[in-house]
Amino acid sequence: MMMEASFDTEESFDDPSCLAPQPPGSVSPAKRQITEVKETKITADRKDPQGAAHVTGFEVLLQKQLKGKQLQKEMAEFIHERIKIEEEYAKNLSKLSLSPLAAQEEGTLGEAWTQLKKSLHDEAEVHLKFSNKLHTEVEKPLLTFRGDNFKKDLKKYDHHIADLRKQLASRFAGVEKARKALADRQKDLEVKTQQLEIKLSNKTEEDIKKARRKSTQAGDDLMRCLDLYNQTQSKWFEEMVTTSMELERLEVERVEWVQQHLRQYTTLRHETDMFNQSTVEPVDQLLQSMDPAKDRELWVKENKTGEVRPVDLDI
(Lines give C-alpha, C1' and ligand atoms only; values in the text may rest on other atoms or scores of the structure.)
Protein backbone atom coordinates (compact mmCIF):
# COMPACT_ATOMS: atom_id res chain seq x y z
CA MET A 1 0.00 0.00 0.00
CA MET A 2 1.07 3.55 -0.51
CA MET A 3 2.39 5.35 2.50
CA GLU A 4 1.52 8.98 3.14
CA ALA A 5 4.34 11.49 2.87
CA SER A 6 4.70 14.92 4.43
CA PHE A 7 6.26 17.78 2.48
CA ASP A 8 8.00 20.87 3.79
CA THR A 9 6.21 23.77 2.07
CA GLU A 10 8.41 26.37 3.72
CA GLU A 11 11.45 25.58 1.53
CA SER A 12 12.17 28.16 -1.23
CA PHE A 13 12.63 27.07 -4.83
CA ASP A 14 14.23 30.28 -6.11
CA ASP A 15 17.62 29.48 -4.60
CA PRO A 16 20.03 27.95 -7.17
CA SER A 17 21.78 26.19 -4.30
CA CYS A 18 18.90 23.71 -4.31
CA LEU A 19 20.60 21.99 -7.22
CA ALA A 20 24.17 22.94 -6.33
CA PRO A 21 26.59 20.26 -5.04
CA GLN A 22 25.88 19.46 -1.41
CA PRO A 23 28.23 18.41 1.38
CA PRO A 24 28.73 14.64 1.71
CA GLY A 25 25.70 12.99 3.27
CA SER A 26 23.36 15.95 2.67
CA VAL A 27 20.45 16.23 0.24
CA SER A 28 19.14 19.43 -1.31
CA PRO A 29 15.62 20.52 -0.25
CA ALA A 30 14.15 20.08 -3.73
CA LYS A 31 15.70 16.65 -4.22
CA ARG A 32 14.65 15.61 -0.73
CA GLN A 33 11.00 16.42 -1.46
CA ILE A 34 11.03 14.67 -4.81
CA THR A 35 12.68 11.65 -3.19
CA GLU A 36 9.89 11.58 -0.62
CA VAL A 37 7.31 11.57 -3.41
CA LYS A 38 9.08 8.71 -5.13
CA GLU A 39 9.27 6.77 -1.91
CA THR A 40 5.50 7.04 -1.55
CA LYS A 41 5.03 5.32 -4.89
CA ILE A 42 4.91 1.95 -3.17
CA THR A 43 1.82 -0.11 -3.88
CA ALA A 44 0.46 -3.40 -2.57
CA ASP A 45 1.38 -5.00 -5.88
CA ARG A 46 3.08 -8.29 -6.47
CA LYS A 47 4.80 -9.79 -9.47
CA ASP A 48 2.92 -12.11 -11.76
CA PRO A 49 4.09 -15.76 -11.27
CA GLN A 50 5.65 -15.59 -14.76
CA GLY A 51 7.29 -12.30 -13.86
CA ALA A 52 5.86 -10.66 -16.96
CA ALA A 53 3.62 -8.15 -15.24
CA HIS A 54 2.48 -6.81 -11.92
CA VAL A 55 -0.73 -7.78 -10.19
CA THR A 56 -2.20 -5.08 -8.00
CA GLY A 57 -2.64 -5.89 -4.34
CA PHE A 58 -6.33 -5.17 -4.62
CA GLU A 59 -6.60 -7.53 -7.58
CA VAL A 60 -5.15 -10.27 -5.37
CA LEU A 61 -7.93 -9.68 -2.84
CA LEU A 62 -10.59 -9.75 -5.55
CA GLN A 63 -9.21 -12.96 -7.01
CA LYS A 64 -9.39 -14.50 -3.55
CA GLN A 65 -13.11 -13.75 -3.44
CA LEU A 66 -13.72 -15.17 -6.91
CA LYS A 67 -11.63 -18.25 -6.14
CA GLY A 68 -13.60 -18.79 -2.92
CA LYS A 69 -16.88 -18.69 -4.83
CA GLN A 70 -15.53 -21.18 -7.37
CA LEU A 71 -14.26 -23.54 -4.67
CA GLN A 72 -17.64 -23.37 -2.95
CA LYS A 73 -19.29 -24.30 -6.24
CA GLU A 74 -16.95 -27.29 -6.50
CA MET A 75 -17.89 -28.32 -2.96
CA ALA A 76 -21.56 -28.24 -4.00
CA GLU A 77 -20.71 -30.42 -7.00
CA PHE A 78 -18.95 -32.87 -4.69
CA ILE A 79 -22.01 -33.08 -2.43
CA HIS A 80 -24.16 -33.57 -5.54
CA GLU A 81 -22.07 -36.60 -6.49
CA ARG A 82 -22.49 -37.90 -2.95
CA ILE A 83 -26.25 -37.50 -3.32
CA LYS A 84 -26.24 -39.48 -6.55
CA ILE A 85 -24.37 -42.31 -4.82
CA GLU A 86 -26.90 -42.33 -1.99
CA GLU A 87 -29.84 -42.37 -4.42
CA GLU A 88 -28.33 -45.22 -6.42
CA TYR A 89 -27.57 -47.13 -3.24
CA ALA A 90 -31.13 -46.65 -1.97
CA LYS A 91 -32.52 -47.80 -5.32
CA ASN A 92 -30.43 -50.97 -5.27
CA LEU A 93 -31.30 -51.74 -1.65
CA SER A 94 -35.02 -51.34 -2.36
CA LYS A 95 -34.75 -53.58 -5.40
CA LEU A 96 -32.87 -56.25 -3.47
CA SER A 97 -35.43 -56.21 -0.66
CA LEU A 98 -38.02 -57.51 -3.17
CA SER A 99 -35.88 -60.48 -4.19
CA PRO A 100 -37.70 -63.85 -4.04
CA LEU A 101 -34.50 -65.61 -3.01
CA ALA A 102 -35.03 -67.94 -0.02
CA ALA A 103 -38.65 -66.79 0.19
CA GLN A 104 -39.75 -70.35 1.05
CA GLU A 105 -37.78 -70.45 4.27
CA GLU A 106 -40.03 -71.43 7.16
CA GLY A 107 -40.30 -71.17 10.92
CA THR A 108 -38.46 -68.72 13.09
CA LEU A 109 -35.61 -68.71 10.59
CA GLY A 110 -38.08 -67.73 7.87
CA GLU A 111 -39.38 -64.88 10.02
CA ALA A 112 -35.83 -63.59 10.62
CA TRP A 113 -35.02 -63.85 6.92
CA THR A 114 -38.17 -61.96 5.93
CA GLN A 115 -37.34 -59.20 8.44
CA LEU A 116 -33.79 -58.98 7.12
CA LYS A 117 -35.11 -58.36 3.61
CA LYS A 118 -37.54 -55.79 4.95
CA SER A 119 -34.67 -54.05 6.76
CA LEU A 120 -33.10 -53.41 3.36
CA HIS A 121 -36.23 -51.57 2.28
CA ASP A 122 -36.17 -49.55 5.52
CA GLU A 123 -32.48 -48.79 5.06
CA ALA A 124 -33.16 -47.65 1.50
CA GLU A 125 -35.70 -45.17 2.86
CA VAL A 126 -33.11 -43.87 5.32
CA HIS A 127 -30.55 -43.28 2.55
CA LEU A 128 -33.16 -41.66 0.33
CA LYS A 129 -34.10 -39.22 3.09
CA PHE A 130 -30.38 -38.58 3.68
CA SER A 131 -29.88 -37.70 0.02
CA ASN A 132 -32.89 -35.35 0.05
CA LYS A 133 -31.62 -33.55 3.13
CA LEU A 134 -28.14 -33.28 1.63
CA HIS A 135 -29.66 -31.49 -1.32
CA THR A 136 -31.77 -29.01 0.63
CA GLU A 137 -29.53 -28.46 3.67
CA VAL A 138 -26.02 -28.70 2.23
CA GLU A 139 -25.74 -28.68 -1.57
CA LYS A 140 -28.27 -25.94 -2.31
CA PRO A 141 -27.01 -23.48 0.35
CA LEU A 142 -23.42 -23.93 -0.84
CA LEU A 143 -24.45 -23.38 -4.44
CA THR A 144 -26.73 -20.39 -3.95
CA PHE A 145 -24.64 -18.49 -1.38
CA ARG A 146 -24.10 -15.03 -2.85
CA GLY A 147 -25.87 -15.04 -6.19
CA ASP A 148 -24.96 -13.49 -9.52
CA ASN A 149 -24.98 -9.97 -8.08
CA PHE A 150 -21.89 -10.80 -6.04
CA LYS A 151 -19.58 -10.59 -9.07
CA LYS A 152 -21.18 -7.28 -10.05
CA ASP A 153 -20.48 -5.92 -6.56
CA LEU A 154 -16.86 -7.01 -6.83
CA LYS A 155 -16.56 -5.25 -10.18
CA LYS A 156 -17.82 -2.05 -8.58
CA TYR A 157 -15.08 -2.30 -5.96
CA ASP A 158 -12.53 -3.03 -8.68
CA HIS A 159 -13.56 -0.10 -10.87
CA HIS A 160 -13.62 2.29 -7.92
CA ILE A 161 -10.11 1.41 -6.77
CA ALA A 162 -8.84 1.32 -10.35
CA ASP A 163 -10.12 4.86 -10.91
CA LEU A 164 -8.31 6.03 -7.79
CA ARG A 165 -5.12 4.35 -8.96
CA LYS A 166 -5.39 6.16 -12.30
CA GLN A 167 -5.89 9.46 -10.52
CA LEU A 168 -2.90 8.73 -8.33
CA ALA A 169 -0.74 7.86 -11.34
CA SER A 170 -1.85 11.08 -13.05
CA ARG A 171 -0.99 13.15 -9.96
CA PHE A 172 2.42 11.51 -9.74
CA ALA A 173 3.06 12.28 -13.40
CA GLY A 174 2.14 15.89 -12.63
CA VAL A 175 4.67 15.97 -9.81
CA GLU A 176 7.37 14.58 -12.09
CA LYS A 177 6.57 17.15 -14.77
CA ALA A 178 6.61 20.00 -12.25
CA ARG A 179 9.87 18.69 -10.79
CA LYS A 180 11.51 18.77 -14.23
CA ALA A 181 10.18 22.27 -14.88
CA LEU A 182 11.59 23.46 -11.56
CA ALA A 183 14.97 21.89 -12.27
CA ASP A 184 15.09 23.61 -15.67
CA ARG A 185 14.17 27.00 -14.14
CA GLN A 186 16.74 26.64 -11.38
CA LYS A 187 19.41 25.64 -13.85
CA ASP A 188 18.58 28.67 -16.00
CA LEU A 189 18.76 30.95 -12.95
CA GLU A 190 22.06 29.41 -11.89
CA VAL A 191 23.61 29.90 -15.36
CA LYS A 192 22.49 33.52 -15.64
CA THR A 193 23.74 34.28 -12.17
CA GLN A 194 27.16 32.78 -12.93
CA GLN A 195 27.37 34.63 -16.23
CA LEU A 196 26.60 37.90 -14.52
CA GLU A 197 29.21 37.26 -11.86
CA ILE A 198 31.99 36.60 -14.38
CA LYS A 199 30.61 39.19 -16.79
CA LEU A 200 30.31 36.79 -19.72
CA SER A 201 26.90 38.17 -20.52
CA ASN A 202 25.16 41.49 -20.61
CA LYS A 203 22.28 40.09 -18.59
CA THR A 204 20.80 42.75 -16.44
CA GLU A 205 19.62 42.48 -12.91
CA GLU A 206 16.10 42.54 -14.32
CA ASP A 207 16.81 39.33 -16.23
CA ILE A 208 18.00 37.71 -13.01
CA LYS A 209 14.85 38.79 -11.21
CA LYS A 210 12.72 37.47 -14.04
CA ALA A 211 14.49 34.12 -13.93
CA ARG A 212 14.09 34.04 -10.14
CA ARG A 213 10.34 34.72 -10.46
CA LYS A 214 9.99 31.90 -12.95
CA SER A 215 11.92 29.61 -10.61
CA THR A 216 9.71 30.62 -7.70
CA GLN A 217 6.59 30.02 -9.83
CA ALA A 218 7.89 26.61 -10.84
CA GLY A 219 8.45 25.83 -7.16
CA ASP A 220 4.91 26.92 -6.33
CA ASP A 221 3.59 24.74 -9.13
CA LEU A 222 5.52 21.80 -7.77
CA MET A 223 4.12 22.37 -4.28
CA ARG A 224 0.62 22.54 -5.71
CA CYS A 225 1.18 19.24 -7.54
CA LEU A 226 2.59 17.72 -4.36
CA ASP A 227 -0.48 18.82 -2.44
CA LEU A 228 -2.83 17.35 -5.05
CA TYR A 229 -0.82 14.14 -5.06
CA ASN A 230 -0.96 13.85 -1.27
CA GLN A 231 -4.71 14.46 -1.24
CA THR A 232 -5.29 11.77 -3.86
CA GLN A 233 -2.91 9.41 -2.14
CA SER A 234 -4.67 9.89 1.18
CA LYS A 235 -8.04 9.21 -0.40
CA TRP A 236 -6.69 6.12 -2.17
CA PHE A 237 -5.20 4.84 1.08
CA GLU A 238 -8.43 5.32 3.02
CA GLU A 239 -10.50 3.63 0.32
CA MET A 240 -8.05 0.74 0.09
CA VAL A 241 -8.19 0.16 3.84
CA THR A 242 -11.98 0.39 3.96
CA THR A 243 -12.51 -1.84 0.93
CA SER A 244 -9.89 -4.37 2.03
CA MET A 245 -11.57 -4.69 5.41
CA GLU A 246 -14.91 -5.25 3.67
CA LEU A 247 -13.40 -7.98 1.49
CA GLU A 248 -11.88 -9.55 4.58
CA ARG A 249 -15.29 -9.50 6.27
CA LEU A 250 -16.85 -11.17 3.22
CA GLU A 251 -14.21 -13.91 3.28
CA VAL A 252 -14.76 -14.62 6.97
CA GLU A 253 -18.49 -14.74 6.31
CA ARG A 254 -17.99 -17.21 3.46
CA VAL A 255 -15.76 -19.53 5.49
CA GLU A 256 -18.21 -19.54 8.38
CA TRP A 257 -21.05 -20.29 5.98
CA VAL A 258 -19.18 -23.28 4.53
CA GLN A 259 -18.26 -24.46 8.02
CA GLN A 260 -21.89 -24.32 9.12
CA HIS A 261 -23.14 -26.44 6.24
CA LEU A 262 -20.31 -28.96 6.33
CA ARG A 263 -21.17 -29.44 9.99
CA GLN A 264 -24.73 -30.05 8.87
CA TYR A 265 -23.38 -32.75 6.57
CA THR A 266 -21.70 -34.55 9.46
CA THR A 267 -24.85 -34.19 11.57
CA LEU A 268 -26.97 -35.79 8.86
CA ARG A 269 -24.36 -38.50 8.43
CA HIS A 270 -24.51 -39.38 12.12
CA GLU A 271 -28.31 -39.41 12.00
CA THR A 272 -28.18 -41.78 9.03
CA ASP A 273 -25.95 -44.18 10.95
CA MET A 274 -28.35 -44.08 13.86
CA PHE A 275 -31.41 -44.74 11.69
CA ASN A 276 -29.59 -47.53 9.84
CA GLN A 277 -28.84 -49.15 13.16
CA SER A 278 -32.53 -49.06 14.06
CA THR A 279 -33.43 -50.94 10.85
CA VAL A 280 -31.40 -54.01 11.88
CA GLU A 281 -32.52 -54.14 15.50
CA PRO A 282 -35.72 -56.11 14.68
CA VAL A 283 -33.55 -58.55 12.70
CA ASP A 284 -31.26 -59.01 15.73
CA GLN A 285 -34.25 -59.68 17.97
CA LEU A 286 -35.68 -62.37 15.65
CA LEU A 287 -32.28 -63.98 15.21
CA GLN A 288 -31.87 -64.19 18.97
CA SER A 289 -35.32 -65.77 19.40
CA MET A 290 -34.77 -68.44 16.76
CA ASP A 291 -35.54 -71.99 17.99
CA PRO A 292 -34.32 -74.83 15.75
CA ALA A 293 -36.18 -77.44 17.85
CA LYS A 294 -39.44 -75.54 17.50
CA ASP A 295 -38.88 -75.17 13.77
CA ARG A 296 -38.31 -78.93 13.45
CA GLU A 297 -41.41 -79.73 15.47
CA LEU A 298 -43.51 -77.34 13.38
CA TRP A 299 -42.16 -78.83 10.18
CA VAL A 300 -42.98 -82.35 11.32
CA LYS A 301 -46.51 -81.30 12.26
CA GLU A 302 -47.15 -79.53 8.95
CA ASN A 303 -45.73 -82.35 6.89
CA LYS A 304 -47.27 -85.11 9.11
CA THR A 305 -44.15 -87.15 9.08
CA GLY A 306 -44.01 -90.10 11.53
CA GLU A 307 -47.77 -90.87 11.46
CA VAL A 308 -47.26 -93.99 9.39
CA ARG A 309 -44.55 -96.14 10.82
CA PRO A 310 -43.27 -99.57 9.78
CA VAL A 311 -44.44 -102.47 12.05
CA ASP A 312 -43.05 -105.89 12.89
CA LEU A 313 -44.10 -108.66 10.54
CA ASP A 314 -45.48 -111.97 11.84
CA ILE A 315 -45.35 -115.21 9.85
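Residues numbered from 1 in each chain as written. Predicted model: local features only at pLDDT ≥ 70, side-chain atom pairs only at ≥ 80, totals over all residues. Heavy atoms only, no water.

1. What about the side chain of Ser 97?
Point 1. Mapped onto the elements, Ser 97 comes out in helix 2 (residues 57-97).
Point 2. Owing to a relative accessible area of 11%, Ser 97 belongs among the buried residues under this scheme. (Helix = DSSP H or I, 4+ residues; strand = E, 2+ residues; numbered from the N terminus. Buried < 20%, exposed > 50% of the residue type's maximum accessible area, 1.4 Å probe, protein only.)

2. A few points about the confidence of the model for the protein chain
Point 1. Of the residues in the protein chain, 78% have a pLDDT of 70 or more, and the chain-wide mean is 81.
Point 2. When pLDDT is averaged over each helix and strand of the protein chain, the minimum, 47, is found for helix 1 (residues 29-40) and the maximum, 95, for helix 3 (residues 107-144).
Point 3. A low-confidence stretch, residues 1-45 (pLDDT under 50), is modelled with 91 contacts involving residues beyond four sequence positions or located in other chains. (pLDDT = per-residue confidence, 0-100. Contact = heavy atoms within 4.5 Å.)

3. With respect to the pattern of salt bridges
Point 1. Under the definition given, this model contains eleven salt bridges.
Point 2. Among the salt bridges present, the one from Glu 251 reaches Lys 64, with a minimum N-O distance of 3.8 Å. Highlighted residues: Glu 251 in helix 5 (residues 205-288) and Lys 64 in helix 2, separated in sequence by 187 residues.
Point 3. Taking the relative accessible area as the measure of exposure, Lys 64 reaches 44% and is therefore partly exposed. (Salt bridge = Lys/Arg side-chain N within 4 Å of Asp/Glu carboxyl O.)

4. Quick word on a positive patch on the surface
Point 1. Taken together, the side chains of Lys 73, Lys 151, Lys 152, Lys 155 and Lys 156 define a basic patch exposed on the protein surface.
Point 2. Inspection of the secondary structure puts Lys 151 in helix 4 (residues 149-198). (Patch = residues over 30% accessible without salt bridge, like charges linked within 9 Å, V, L, I, M, F, W, Y side chains within 5 Å. Areas by Shrake-Rupley, 256 points an atom, 1.4 Å probe, with all protein chains shown as cover. Lys, Arg positive; Asp, Glu negative; His and termini not counted. Charge placed at Lys NZ, Arg CZ, Asp CG, Glu CD.)

5. Digging into the nonpolar core
Point 1. Phe 58, Ile 161, Val 175, Leu 222, Trp 236 and Leu 247 are the most contacted members of the largest nonpolar core, which totals 21 residues.
Point 2. Listed by contribution, the elements that provide at least two residues to this core are helix 2, helix 4 and helix 5.
Point 3. Sorting elements by how many residues they give to this core places helix 5 first, with ten residues.
Point 4. Membership of the second largest hydrophobic core comes to nine residues, among which are Ala 76, Ile 79, Leu 142 and Leu 268. (Core = buried A, V, L, I, M, F, W, Y, C linked by side-chain atoms within 4.5 Å.)

6. Here's the deal with unusual backbone geometry
Point 1. The phi angle at Ala 102 is positive, at roughly 60°, despite the residue not being glycine.
Point 2. Mapped onto the elements, Ala 102 comes out in the loop between helix 2 and helix 3.

7. Examining the side chain of Lys 117
Point 1. Within the fold, Lys 117 resides in helix 3.
Point 2. Within the buried set, Lys 117 has no salt-bridge partner at all; the shortest N-O distance to an opposite charge, 11 Å, is to Glu 105.
Point 3. A distance of 2.9 Å separates a polar atom in the side chain of Lys 117 from the backbone oxygen of Ser 99.
Point 4. Excluding its chain neighbours within four sequence positions, the residues that come into contact with Lys 117 are Ser 97, Ser 99, Leu 101 and Ala 103. (Polar contact = N/O pair within 3.5 Å; in protein donor to acceptor, adjacent residues only side chain to side chain.)

8. Details of the packing of aromatic side chains
Point 1. Applying the stated criterion across every chain yields a total of three aromatic pairs.
Point 2. Their ring planes at 45° and their centres at 6.4 Å tell us that Phe 130 and Tyr 265 sit as a pair that is tilted. Of this pair, Phe 130 sits in helix 3 while Tyr 265 sits in helix 5, placing them 135 residues apart in sequence. (Phe/Tyr/Trp six-rings, centres within 6.5 Å; stacked < 30°, edge-to-face > 60°.)

9. Side note on the packing of helix 2 against helix 5
Point 1. Two numbers describe how helix 2 lies on helix 5: the axes approach to 10 Å, and their chain directions differ by 15°. The angle between helix 2 and helix 5 places the two elements in the roughly parallel class. For the crossing formed where helix 2 meets helix 5, the hand is left-handed. Listed contacts from helix 5 to Phe 58, Leu 61, Leu 62, Lys 64, Gln 65, Gly 68, Lys 69, Gln 72, Met 75, Ile 79 and Arg 82 of helix 2 are Met 240, Thr 243, Ser 244, Leu 247, Leu 250, Glu 251, Arg 254, Trp 257, Val 258, Tyr 265 and Arg 269.
Point 2. Looking at side-chain class alone, the contact of helix 2 with helix 5 contains eleven nonpolar, five polar and six charged residues. (Axes fitted to C-alpha atoms, helices over the stretch in contact; angles between N-to-C directions. Parallel < 35°, antiparallel > 145°, perpendicular 65-115°, else oblique. Left-handed = near helix turned anticlockwise from the far one by under 90°. Nonpolar A, V, L, I, M, F, W, Y, C, P; charged D, E, K, R; others polar.)

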